[in-house]
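The lines below spell out each chain.
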Amino acid sequence: QVLLVESGGGLVQAGGSLRLSCAASGRTFSRYAMGWFRQAPGKEREFVAAISWNAASTYYADSVKGRFTISRDNGKNTAYLQMNSLKPEDTAVYYCATTETAYSTGRNSNDYVYWGQGTQVTVSS
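An account of the accompanying structure is given in this report. Because the structure is predicted, anything quoted here is derived from the model rather than measured.

1. Some words on the sheet that holds strand 7 (residues 68–73)
Phase 1: The strand order across the open sheet built from 4 strands is 1-3-8-7, with neighbouring strands paired in antiparallel fashion. Either end of the sheet is taken by a strand with one partner, and the two such strands are strand 1 (3–7) and strand 7. Between one strand and the next, the sheet's axes are offset by a mean angle of 15 degrees, whatever the strand orientation.
Phase 2: Of the pairings in the sheet, the one linking strand 3 (residues 18–25) to strand 8 (residues 78–83) comprises 6 bridges and is antiparallel in character. Each bridged residue has a counterpart across the sheet, and for Cys 22 the counterpart in strand 8 is Ala 79.

Below, the structure written as structure tokens:
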């Protein structure tokens, strides 16, 4: 059973930083792409960032490019999302996810089938 547990969310002022973590268990972490998504109140869930199984490729939503960085530590079975220069519009519940298929780039949002419970990020103005 694949289990994803996010942590690191919280309240931060605009311009501040947070680092989210996603601890994975239940299968060989290093074989699977990881992604971060978010959902703001009243809005649909949207893609934020993804990293391929081998960390060779990363992808970002236009709204976070240059501010957010996705990474992974296969030795710790953990993915990270470093968020800098946060804006009030970044306020959302952030979810990590992983794909069903091994050795993928993670670029296709439809490939993500396992999800964490989410962590709240609130950015005050």
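2. Here's the deal with the pattern of salt bridges
Phase 1: For the structure on display, the rule yields 4 salt bridges.
Phase 2: It is possible to trace a salt-bridge network through shared partners that takes in Arg 38, Glu 46, Arg 67 and Asp 90.

3. What about the nonpolar core?
Phase 1: Counting 27 residues, the largest nonpolar core has Trp 36, Val 48, Phe 68, Leu 81, Met 83 and Tyr 94 as its most contacted members.
Phase 2: In terms of residues, this core owes the most to one element, strand 3, which gives 4 residues.
Phase 3: In this view, Met 83 contacts Gly 16, Ser 17, Leu 18, Leu 20, Arg 67, Phe 68, Tyr 94 and Val 121; residues no more than four positions away in its chain are not counted.
Phase 4: By size, the runner-up hydrophobic cluster in this structure holds 6 residues, among which are Ala 33, Phe 37, Ala 97 and Tyr 112.

4. Side note on the packing of aromatic side chains
Phase 1: Enumeration over the complete set of coordinates arrives at 4 aromatic pairs.
Phase 2: With a centroid separation of 5.7 Å and an interplanar angle of 75 degrees, the aromatic rings of Phe 37 and Phe 47 are classed as edge-to-face. A residue pair is termed long-range when its members are at least 10 positions apart, and Phe 37 in strand 4 (residues 34–39) and Phe 47 in strand 5 (residues 46–51) qualify at 10 residues.
Phase 3: With centroids separated by 4.8 Å and ring planes inclined at 85 degrees, the aromatic side chains of Trp 53 and Tyr 103 adopt a geometry described as edge-to-face.

5. Description of unusual backbone geometry
Trans is the prevailing form of peptide bonds, just as negative phi is the prevailing case for residues other than glycine.
Phase 1: Of note in this structure, Asn 77 is not a glycine but carries a positive phi near 50 degrees.
Phase 2: Within the fold, Asn 77 resides in the loop between strand 7 and strand 8.
Phase 3: With a phi angle near 50 degrees, Ser 85 is a residue other than glycine that sits in the positive phi range.
Phase 4: A residue is classified by how much of its surface remains accessible, and Ser 85, at 41% relative accessible area, is partly exposed.

6. With respect to the pairing of strand 5
Phase 1: Relative to strand 5, strand 4 runs antiparallel, the two being bridged by 5 bridges. Paired with Trp 36 across the strands is Ala 49, a residue of strand 5.
Phase 2: Across 3 bridges, the pairing between strand 5 and strand 6 (residues 58–60) is antiparallel. Paired with Ala 50 across the bridge in strand 6 is Tyr 59.
Phase 3: Linking two consecutive strands that pair antiparallel, namely strand 5 and strand 6, is a turn of 6 residues; a positive phi of about 65 degrees is found at Ala 55 within it.

7. Brief notes about the environment of Leu 86
Phase 1: Looking at the secondary structure, you find Leu 86 in the loop between strand 8 and strand 9 (92–99).
Phase 2: Note: C-alpha distance between Leu 86 and Ala 50 (36 residues apart in sequence) is 19 Å.
Phase 3: Excluding its chain neighbours within four sequence positions, the residues that come into contact with Leu 86 are Val 12, Ala 14, Gly 15, Gly 16, Ser 17, Leu 18, Arg 67, Phe 68 and Val 123.

Scoring rules and cut-offs
Residues numbered from 1 in each chain as written. Predicted model: local features only at pLDDT ≥ 70, side-chain atom pairs only at ≥ 80, totals over all residues. Heavy atoms only, no water. Pairing = 2+ DSSP bridges. Helix = DSSP H or I, 4+ residues; strand = E, 2+ residues; numbered from the N terminus. Axes fitted to C-alpha atoms, helices over the stretch in contact; angles between N-to-C directions. Salt bridge = Lys/Arg side-chain N within 4 Å of Asp/Glu carboxyl O. Core = buried A, V, L, I, M, F, W, Y, C linked by side-chain atoms within 4.5 Å. Buried < 20%, exposed > 50% of the residue type's maximum accessible area, 1.4 Å probe, protein only. Contact = heavy atoms within 4.5 Å. Phe/Tyr/Trp six-rings, centres within 6.5 Å; stacked < 30°, edge-to-face > 60°.

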